[in-house]
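Each chain, letter by letter, is given below.
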Amino acid sequence: KKTNTTQETNEEEEDDDDDDDTSVKVREIVNMGFTADSARRFLKDSDGDVEVAVSMLLSEASEGVSGSPNRKAVERSETVRIMFTGFVATRQHMQMIDTIGAEIVESIEEAHTATHIIVTDGATKFRRTPKLMVCICKSPNIIKLEWLEQSAKEQRVLDTAPYLLVGDKEAEKHYSFSMKETIQNGIQVRETTGGVLGGLYVYICSGVAGNRAPSTKELNLIIEAAGGKVLSSLAACKLLDPAKTIVLTSDPSTPSQLREPGVRNILKLGGKTMKTSWLFHVIITQCINPVIELD
């Protein structure tokens, strides 16, 4: 009888663990901008796999479900921080932010704290700005202005799924990416490595900043938001792992960049030279190609 009691207790503890695990997964998906009901429904359909559940939610969002009656607003306990990029926010937009109790993020130094990134007002084309490249490394909520307008109208923070900027064929063709895949990739790499550049070290050569590329400060912020660590030099004392070090050059690279102190040595030790165009594509796709082994 004692054995049976112990077995029952163990089974109850396992049930409690399952409930706790599900709650954690629901909160994780809700923090991405989806409703708790949707999170539970798709977690059930995906046998508890967060990545698959989010993929299913994004698929539903990309099928034009804006205004669907079965989508409910979600009240948020965390602070919603909104950043505009690619167009200028108006005073009316600021009033809408106040209406839903959110905060505005304006500087690129604070871009990594944004939870919701509004990238188009419907008239302005999507642009791969430095602010966007920071934000896309941190949040899956890359959305249209319509989300803010509807949230203000209902005076609450709405689910972002119907307003994600997925299916913008012109932008996706121009930058060679799929926003749906980018959002999925970003969720996965943040969970596994802390970002698409997690575990990597990046040295920025002289002459890169401003040469068809953002400023040095902006490049540093983009790399750090992606989980990478910026090296100020290639001195031996600063190299924690040469094989995981990227030497970032301009596009095209210049002979002087390849002759900078330490570059040849780092390449001999397994490091790689990559151009800024590679970095920007890694950020906008949230996927490293070619794949750099981290193990």
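See the structure printed just above.
A brief structural summary. (Residues numbered from 1 in each chain as written. Predicted model: local features only at pLDDT ≥ 70, side-chain atom pairs only at ≥ 80, totals over all residues. Heavy atoms only, no water.)

1. Concerning the overall build of the protein chain
What the protein chain contains, in helices and strands, is twelve helices and eight strands. Taking all 295 residues of the protein chain together, 44% fall into the buried category. The long-range fraction of contacts in the protein chain, counting pairs at least 24 apart against all pairs at least 6 apart in sequence, stands at 69%. Of the roughly 15200 Å² of accessible surface on the protein chain, a fraction of 46% belongs to carbon and sulfur atoms. (Helix = DSSP H or I, 4+ residues; strand = E, 2+ residues; numbered from the N terminus. Buried < 20%, exposed > 50% of the residue type's maximum accessible area, 1.4 Å probe, protein only. Contact = heavy atoms within 4.5 Å. Areas by Shrake-Rupley, 256 points an atom, 1.4 Å probe, with all protein chains shown as cover.)

2. So, the pairing of strand β3 (residues 116-120)
Most of β3 is tucked away, with five of its five residues classed as buried. As paired strands, β3 and strand β4 (residues 142-144) are joined by three bridges and run parallel to one another. Residue pairing across strands places isoleucine 117 opposite isoleucine 142, the latter belonging to β4. Between the parallel elements β3 and β4, the chain passes through helix α5 (residues 130-135) in a crossover that is right-handed. (Pairing = 2+ DSSP bridges. Right-handed = clockwise from strand over helix to strand, strands pointing away.)

3. Looking at the pattern of salt bridges
For side chains of opposite charge, pairing can occur when their charged atoms come near one another. One pass over the structure, following the stated rule, counts six salt bridges. One salt bridge in this structure joins glutamate 170 and lysine 125, with 2.9 Å as the shortest N-O distance. One end of the pair, glutamate 170, is in helix α7 (residues 169-175); the other, lysine 125, is in the loop between β3 and α5, with 45 residues separating them in the sequence. Summarising the burial analysis for this pair, glutamate 170 and lysine 125 share the class exposed. Between arginine 156 and glutamate 154 there is a salt bridge, with the nearest N and O atoms lying 3.1 Å from each other. Taking relative accessible area as the criterion, arginine 156 reaches 32% and is therefore assigned partly exposed. (Salt bridge = Lys/Arg side-chain N within 4 Å of Asp/Glu carboxyl O.)

4. Some points on the state of the cysteines
In this structure the tally under the stated criterion is zero disulfides. No disulfide involves cysteine 137; its nearest neighbouring cysteine sulfur is the one of cysteine 135, lying 9.1 Å away. By relative accessible area, cysteine 137 is classed as buried at 1%. (Disulfide = S-S within 2.5 Å.)

5. Quick notes on the packing of helix α4 (residues 91-99) against helix α6 (residues 145-154)
Running from N to C, α4 and α6 point in directions that differ by 55°, and their axes come no closer than 9 Å. Compared by their axis directions, α4 and α6 come out oblique. Crossing handedness for the pair α4 and α6: left-handed. Of the residues in α6, those in contact with His93, Met96, Ile97 and Thr99 of α4 are Leu145, Leu148, Glu149 and Ala152. For the contact of α4 with α6, the class distribution of residues is five nonpolar, two polar and one charged. (Axes fitted to C-alpha atoms, helices over the stretch in contact; angles between N-to-C directions. Parallel < 35°, antiparallel > 145°, perpendicular 65-115°, else oblique. Left-handed = near helix turned anticlockwise from the far one by under 90°. Nonpolar A, V, L, I, M, F, W, Y, C, P; charged D, E, K, R; others polar.)

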